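A closer look at the structure
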Amino acid sequence: MSGQDAGAPAYRVWALPGIGEVRAGDDLAKLIAAAEPGLVDGDVLLVTSKIVSKAEGRIMEAADREAAIDAETVRVVARRGTLRIVENRQGLVMAAAGVDASNTPAGTVLLLPQDPDASARAIRDGLRDTLGVEVGVVVTDTFGRPWRSGLTDVAIGAAGVRVLDDLRGGTDAYGNPLSATVVATADELAAAGDLVKGKASGLPVAVVRGLAHVVVPAGDGEPDGARAMVRGAADDMFRLGTSEAVREALNLRRTVREFTDDPVDPGAVRRAVAAAVTAPAPHHTTPWRFVLLESAESRTRLLDAMRDAWIADLRRDGRDEESIARRVRRGDVLREAPYLVVPCLVTEGSHHYGDERRDTAEREMFVVAAGAGVQNFLVALAGERLGSAWVSSTMFCRDVVREVLGLPAGWDPLGAVAVGRAAGEPKERAPRDPEDFLTVR
Ligand SMILES: Cc1cc2nc3c(=O)[nH]c(=O)nc-3n(C[C@H](O)[C@H](O)[C@H](O)COP(=O)(O)O)c2cc1C
């Protein structure tokens, strides 16, 4: 009644008793070999990173754990209260950069091994030297995960183990192609070891036996270490926490004056309009309208009419024809853009006071609310990885714009927004110190 088929795949996992307290300079391979002299080829060792750190002397005097975290942090992914999820020097995205104040004397913290793959290789090579066995080694650490409650061990270092099992190109039991299936074998091994190591039981090493196919003897083409399991920021759809992403969207919005020829997704523009019309506005009004110029013909018609109106203005200013031609010839960000939007202000619902002071204030109130809508729009476009340039020209020839685009008399164009993929990186902009913009009373 074993419930287990003789031929069905199975493995055994057990923790090694007797490793004891590890100190700087200890040889982990020797300690493991002494604890389990019966290791055989194809075994996989799951070694808690904490003892690797201790053996490698990665203990640090730190009255202030926060300062140690700062030193180990390459990039902050998300922060909530005192909790920080960061990318650390090893490329791992994890809480507190992996700096641990537990299981170490008061006033000290434990840092992760400098190069956990190298640590794993040293243990594997040491076990070959000591016991003459070809084992796989996974250095493990405990991680929380987005979207899942609870912690689990994952591989942060590996040697002699196929860390990822790429099943792409194969088929499932129904013959469906597997197009995205890459199994995180080393993480699965780490989690299996955690089931028997426990957290506080003083059992920092476990062995998995029965999965020799995941072990690659040295010399047979060294498989990648656990570093290969880190998803780079460029491929990470969740590179930032929510608050951080909101702030980044604001910084991401920069005026883009040169675009690629890539067409603009009209759906992305509509999503940005949906974000735009959540801006604050007076008297519960909705003073925003967005005219989308999706055909080249509509864009050219508008730009030609605006150019003619501009030339007429310059002539009225008394400029000579040559200087007018020079000005008009200058590169026009709107003409080079693959997509144009004309945001408009409508003042429906505004109050009429009958005196200039209050009527002017009322109009300004609507104008600033309209501006907030346009800023929302530009930020949302940035979130869609679309660059934009908000330029003023339509404000200077509103009648012409209304006429060419067939807009109602009450729609006041608020410039035009060129939209497209940025052809290059924006120029660096010196950070602005909020103190320069503050008055505190
Ligand atoms: C109402 C308004 C009108 C603007 N008009 C023009 C314009 O006519 N031509 C232009 O190249 N940029 C125009 N800009 C863009 C600014 O030059 C730009 O925002 C500024 O240089 C800061 O750069 P950044 O947007 O990358 O932060 C305008 C911006 C605003 C808000």
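Quick notes on the rules
Residues numbered from 1 in each chain as written. Predicted model: local features only at pLDDT ≥ 70, side-chain atom pairs only at ≥ 80, totals over all residues. UniProt positions renumbered as here; feature names shortened; annotations may be inferred. Domains from an automatic or database assignment. Helix = DSSP H or I, 4+ residues; strand = E, 2+ residues; numbered from the N terminus. Contact = placed C-beta atoms within 7 Å.

The protein carries the name Bifunctional F420 biosynthesis protein FbiB in an unreviewed UniProt entry, which gives Streptomyces nitrosporeus as its organism. The UniProt entry for the protein carries the following text under Sequence similarities (unreviewed entry): "In the N-terminal section; belongs to the CofE family."

Thoughts on the domain arrangement of the protein
Domain parsing of the protein yields domain 1 (12-58 + 113-235) and domain 2 (246-437). On a C-alpha basis, the centroid separation for the pair domain 1 and domain 2 is 56 Å.

With respect to unusual backbone geometry
Even without being glycine, Ala97 reaches a positive phi, approximately 60°. Note that Ala97 resides in the loop between strand 6 (93-95) and strand 7 (108-110). The phi dihedral of Arg385 is positive, around 65°, even though this residue is not glycine. Inspection of the secondary structure assignment puts Arg385 in the loop between helix 11 (356-383) and strand 15 (387-391).

Some details on the UniProt feature "binding site: GTP" (unreviewed entry) in the protein
Feature annotation in UniProt places "binding site: GTP" (unreviewed entry) on Ser49, Lys54 and Asn103, given in this structure's numbering. Separation in sequence by 55 residues is not matched in space for these annotated residues, since their most distant C-alpha atoms are only 11.9 Å apart. With respect to the helices, strands and loops of the structure, Lys54 is situated in helix 2 (residues 49-55). Contacts of Lys54, omitting those with residues within four sequence positions, involve Val22, Arg23, Ala24, Ile59 and Leu110.

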